[in-house]
Amino acid sequence: MRVEGFEGKPYEAAGDHSPPPDYPFTVEDSEINGEGLFVPPLNFAMVDNGVFRSGFPDSTNFSFLQSLGLRSIINLCPETYPEANNEFLKTNAIRLFQFGIDGCKEPFVNIPEETIREALNVVLDVKNHPVLIHCKRGKHRTGCVVGCLRKLQRWCLSSIFVEYQRFAAAKARVTDQRFIERFDVSNMNDIPITFSCSKR
C-alpha cells in the first residue's frame, strides 16, 4: 500500500449525492448560466455514510468530488496516479491510499485477500471519511471491497451479489463473487462500524 496525503479538512454536508442524468459532456458545457456543472465519475454511488465508490475520476469530475468534502481516496489500481489527480488531492488536502491490485480478467484472477483487508481497514476508520473507493471502472476491484464491507455489515449474500451485479452488469465475474462469499470477516468483527446503521 502506498499512502500520500495531508491533514484532512472538516467535512461539510454536501446534500444529495445522486448522479445527474446521463448526457454528453464537453469542455464547452462546463458552465451553464454561470454555474459549474458537477459531473460524477463513472459508476459513482454512495455506499454508506461518508463512503462512496466510483470508477477512475478525471478532471471533469473534480468539481463534483470537491463538493463531497473528501478527506481520503482509496485507489485500487497499481498504475501511478496522474499528475492532475495528484494536484487535485494536494489542493484539497485529500489523502491518497493506493492498493495496487491488478485488473486481471478471468480465469486468471488473483484477488489478494490481505490487500482487501488493508483497504477495508482504511474504509472502517472514520478519520478517513468522507472516503472515495475507486478502481478503473468501479466494477470488479471496487465491487470486491464493497462486497466484503457488506459482509462486515451483515448483509445477506444475495443482497451483496445484487449490488455487485448492478455495477458489474454483463461483466460480472463468478470469481469475484466466490471471493466475497469465502472472505472471512471473523477476525474483523471486533472493529466497530460507527458510520453505519448496521446492527452488529
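Quick caveat, the model's predicted, so the values are computed rather than measured.

Visitor: With reference to specific residues and values, describe the pattern of salt bridges.
Guide: The final tally for this structure, using the stated rule, is three salt bridges. The salt bridge involving Arg117 is made with Glu113; its shortest N-O contact spans 2.7 Å. Of this pair, Arg117 and Glu113 both sit in helix α3 (residues 113-124), four residues apart, which is roughly one turn of the helix. Classification of Arg117 as buried rests on a relative accessible area of 10%. When the shortest N-O distance is used, the salt bridge between Arg150 and Glu163 registers 2.8 Å. Placement of Arg150 in helix α4 (residues 140-152) and of Glu163 in helix α5 (residues 157-168) is noted, with a sequence separation of 13 residues between them.

Visitor: Please give an account of α4 that cites residues and values.
Guide: Under the 1.5 Å per step criterion, the end-to-end length of α4 is 18 Å for 13 residues, consistent within 8% with the ideal 18 Å. The buried fraction of α4 amounts to 13 of the 13 residues, a majority that puts the element mostly inside the structure.

Visitor: Kindly report on α5, identifying the contributing residues and their values.
Guide: Compared with an ideal rise of 1.5 Å per residue, which puts 12 residues at 16 Å, α5 spans 16 Å between its outermost C-alpha atoms and is within 8% of the ideal. All of the buried residues in α5 are Ile160, Phe161, Glu163, Tyr164, Phe167 and Ala168. Buried residues of α5, viewed axially, fall in a sector of 160 degrees; they line one side. Looking at α5, the residues exposed on the side facing more than 90 degrees away from the buried face are Val162 and Arg166. Where α5 is buried, its residues touch β4 (45-48), β5 (51-54), α4 and α6 (174-182). Ala169 occupies a position one or two residues after α5 and carries a positive phi of about 50 degrees.

About the criteria used
- Sequence positions are assigned chain by chain, starting from 1 and proceeding in written order.
- Restriction of local features to residues with pLDDT of at least 70 applies here, the model being predicted, together with a cutoff of 80 or more for giving and counting side-chain atom pairs; totals for whole chains, interfaces and linings are based on all residues.
- Here the side-chain values reflect all heavy atoms present in the structure, with hydrogen atoms and water set aside.
- Basic side-chain nitrogens of Lys or Arg form a salt bridge, by our definition, when they fall within 4 Å of a carboxyl oxygen of Asp or Glu.
- Runs of E in the DSSP output that reach at least two residues are strands. Runs of H or I that reach at least four are helices, and both are numbered from the N terminus.
- Relative accessible area decides the class of each residue, using a 1.4 Å probe on protein chains only: under 20% of the type maximum gives buried, over 50% gives exposed, and in between gives partly exposed.
- For a helix, the expected span equals 1.5 Å multiplied by the number of residues minus one.
- Note that the arc is defined by the directions from the helix axis to the C-beta atoms.
- Contacts are assigned to residue pairs with any non-hydrogen atoms lying within 4.5 Å of each other.

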